[in-house]
Every structure is written in C-alpha cells, then in structure tokens.
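# Coordinate inspection notes
As a plain string of letters, each chain reads:
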Amino acid sequence: MRHEYRPPQRRSRLTRRGRLALLFLGTLVAVAAAVLVPLLRGGEEPEKPRRLVIPEGWRAPRVYAAVDRELKLPPGSTKSAVATAGLALPAEAKGNPEGYLFPATYPVTSKSTPATLLAYMVRTANEKLATKAVADGGKAHGMTPYQTATLASILEAEAENRADMGKVARVVHNRLAKSMPLQMDSTINYALNRSTVDTTLSETRIDSPFNTYERQGLPPTPIDSPGLEAMAAAVAPTPGDWLFFVTVKPGDTRFSATYEEHKKNVAEFNRVRAHAGSRAARGAAAGK
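Residues numbered from 1 in each chain as written. Predicted model: local features only at pLDDT ≥ 70, side-chain atom pairs only at ≥ 80, totals over all residues. Heavy atoms only, no water.

### Overview of the packing of aromatic side chains
Defined as follows: Two aromatic rings from Phe, Tyr or Trp, using only the six-membered ring of Trp, form a pair when their centres are within 6.5 Å; if the ring planes differ by under 30 degrees the pair is stacked, by over 60 it is edge-to-face, and anything between is tilted. Think of it this way: any DSSP run of H or I at least four residues long counts as a helix, any run of E at least two long counts as a strand, and we number them from the N terminus. Partly exposed describes any residue whose relative accessible area lies between the buried limit of under 20% and the exposed limit of over 50%, with all areas from a 1.4 Å probe on protein chains only and scaled to the type maximum.
Under the counting rule described, the total for this entry stands at six aromatic pairs. Between Phe244 and Tyr259, the aromatic rings sit 5.7 Å apart at their centres with planes inclined by 50°, giving tilted as the arrangement. A residue pair is termed long-range when its members are at least 10 positions apart, and Phe244 in strand β3 (residues 244–249) and Tyr259 in helix α10 (residues 259–286) qualify at 15 residues. We classify Phe244 as buried; its relative accessible area is 11%. Ring pairs connect the aromatic residues Trp242, Phe245 and Phe255, which therefore count as one cluster.

Below, the structure is given as structure tokens:
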C-alpha cells in the first residue's frame, strides 16, 4: 500500500499572554454557570410529598375513595381509572385489583394520578407475593400467588388479632384438604357489601360465588387488601388439627377439632352476646 508523503507539522504553542486569556475566559464561564443554574431552577425547593395511608383489610372501593379524596377528585374517578391504568395483575384477577392494592404508606405529589398510585400499589403487592418465603410457601401448599392473596385476605378479615392468623390459616388448609366448605362469614359480608359478625341462616344460602357455605374452595377473588402478616400466615399456618373457630368475646377466639366442641363454643358466644345485649338495653332504659 502506498503512503502519501506529508511534511512534518509544527505544534502551535500558546504564549504566556494566550494562556492567561484562556484562564480568564474559563473563570468567566464557571462563574456564569454558577449564577445561571439557580436562575434556571428558579430557586424553588423540591416538592415535599404528602402521605396516603392504606391500612390492612381495606376493600378496593374504600381504597378508591381514599385516593379520590387525597387527589381532590370527584367520587368514582379512581374506580374509573382501573380499566385504563394498565395494572400488572395476574390473569386470574381478570382486571380486578381487589387484594392487590397493597396496604402501605404511599407518597403523593402534584404529579400523582389515580393510575400512578394504583400501579404503585399493585407493583408493591406483586413484590411482596414474590418474596422467596411467600412464593415457596404458596407452592408447598399448591397455591398460586393469586390464591395466596385470596387466602390471606380471608385471614385479614377473620382473625381478631395477628396472633390468631396462623390458626385461622390452619383451619382453612384443613378444610380444603378435607373438601369441606370454608363457611367463612367474611366472604358472605363481601358478597353483601357489609361488615358484621351477624350472619343469618338465610344469608348462608345466598346465590353468590363468595358464598363459602354453599361452595367449596376459596372464593374467586380476594375480599380485601391483606398485609404481610396475613400473607406469611397463609403459607406457614400454625400446626394443628382444628376445623372450627369462633370469637366468643374480644381476645377470646376458640379453635376446635370437632363439631361437638365447636357447638359448645358457639353456645358460649351466644350467651355472651345475649348478656351484652341485655346490659345495653338496661343502659338505654336507664338513660331515658
């Protein structure tokens, strides 16, 4: 290959005066930049986020209403945003975010929208369900992450306190193993859109996929937003042979393995309720 001859070129060198001129020019540029940046920023401080608290056990409509209030939007705005928010829900959910609006504290700024907040909640729920302990525990019980969230939501609604969640979870697992209906009042409450401890015989016969008195297995969707304790209990239930439980009075939930024992506990529950009702009636009469 031929090479074209080029005469050697001399490197230009700055004189002392030239070096001083460049140094002065560089100083001016630095000073100008230091003055310009604050002007461009307008001297504004970063926006301090507000806090949106979503407690354990809230149902989706209550979460929607809380977001509407926080963002000062007309009622129903957040619920309407669900269809177009592109939420990362499992296929089993069929677009329904119930159970995946994870209870936590979320930052809210002027840029927050119903869609961004809902996406944040669902993303958090997916992360919590994907932890090794929850994922492995669910697989050990033959449950998908969605079924784990569904079971955890029942525990959130049924257990009177965190200490009882593992025992309630054991009752559910034992009943599922024996193909017994779960018979959970919380699922009836969800079907009837209410919260109460009073479930009548006729209500246990309603035609609803959430009627766990008439239908076997877990309900088709979660019934609220379960927290970490409920998820942990769902996949790691307390060892035991219980098939029944009833909260006789605050702080006194009784678990039993036989129906005969359970009937005695229910009778005690009814006596406590009747006594409390008579005391309330006497108090109302005395106040007249």
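### Side note on the layout of surface pockets
Formally: Whether a set of points on the 1 Å grid over the protein atoms alone is a cavity depends on a 1.4 Å probe fitting there but being unable to get out, while an open set qualifies as a pocket with protein on both sides within 12 Å along at least five of seven lines; lining residues are those with an atom within 4 Å of a point. Grid points are joined across faces, edges and corners, and a volume is the space filled by probe spheres set on the points. Each residue gets one label: Ala, Val, Leu, Ile, Met, Phe, Trp, Tyr, Cys and Pro are nonpolar, Asp, Glu, Lys and Arg are charged, and the others, such as Gly, are polar.
Within this model, the largest pocket holds a volume of roughly 1,300 Å³. Taken together, 42 residues line the largest pocket, and the ones lying closest to its centre are Glu158, Asp185, Val197, Phe245 and Val246. Looking at the lining of the largest pocket, the elements that each hand over two or more residues are α6 (145–158), α7 (165–177), α8 (185–191), β3 and α10. With eight residues, the top contributor of residues to the lining of the largest pocket is α10. Class assignment of the residues belonging to the lining of the largest pocket gives a composition of 19 nonpolar, 12 polar and 11 charged.

### Structural notes on the nonpolar core
We apply this condition: Nonpolar core, defined: a set of buried Ala, Val, Leu, Ile, Met, Phe, Trp, Tyr and Cys residues in which side-chain atoms within 4.5 Å join the residues together. Any pair of residues with heavy atoms lying within 4.5 Å of one another is described as a contacting pair.
Leu52, Ile54, Tyr100, Leu101, Met121 and Leu155 are the most contacted members of the largest nonpolar core, which totals 52 residues. Discounting chain neighbours no more than four positions away, the residues touching Met121 are Leu52, Ile54, Val63, Val67, Tyr100, Leu101, Phe102 and Tyr106.

### A word on the side chain of Asn174
In this fold, Asn174 is placed in helix α7. Those residues in contact with Asn174 that lie beyond four places of it in its chain are Gly240, Asp241, Trp242 and Leu243.

### Considering the pairing of strand β4 (residues 252–256)
On any regular strand, side chains alternate: one points to one face of the sheet, the next to the other face. Selection criterion: A pair of strands is treated as paired once DSSP finds two or more bridges between them.
Burial runs high along β4: four of the five residues are buried. Bridge analysis of β3 against β4 gives five bridges, and the strand direction is antiparallel. The residue of β4 that forms the bridge with Phe245 is Phe255.

### Some points on the side chain of Glu158
Convention followed: Counting rule applied: Lys, Arg positive; Asp, Glu negative; His and chain ends not counted. Salt bridges, as used here, are contacts in which a Lys or Arg side-chain nitrogen is within 4 Å of a carboxyl oxygen on Asp or Glu.
Mapped onto the elements of the fold, Glu158 is located in helix α6. Lacking a salt bridge, the buried Glu158 has Arg59 as its closest oppositely charged neighbour, with an N-O distance of 9.6 Å. The residues contacting Glu158, other than those within four sequence positions of it, are Val168, Met184, Asp185, Ser186 and Phe245.

### Regarding the pattern of salt bridges
Applying the stated rule across the entire model yields 10 salt bridges. Of the charged contacts, one joins Glu229 and Arg162 as a salt bridge, the two residues approaching to 3.8 Å between their closest N and O atoms. With a gap of 67 residues between them, Glu229 in helix α9 (residues 228–235) and Arg162 in the loop between α6 and α7 connect regions that are remote in the sequence. Judged by relative accessible area, Arg162 falls into the partly exposed class, the value being 42%. For Asp198, the salt bridge goes to Arg273, with nearest N and O atoms at 3.0 Å. Placement of the pair is Asp198 in the loop between α8 and α9 and Arg273 in helix α10, with a sequence separation of 75 residues. A residue is classified by how much of its surface remains accessible, and Arg273, at 34% relative accessible area, is partly exposed. Each member of the salt-bridge network shares a partner with another, and the members are Glu156, Arg162 and Glu229.

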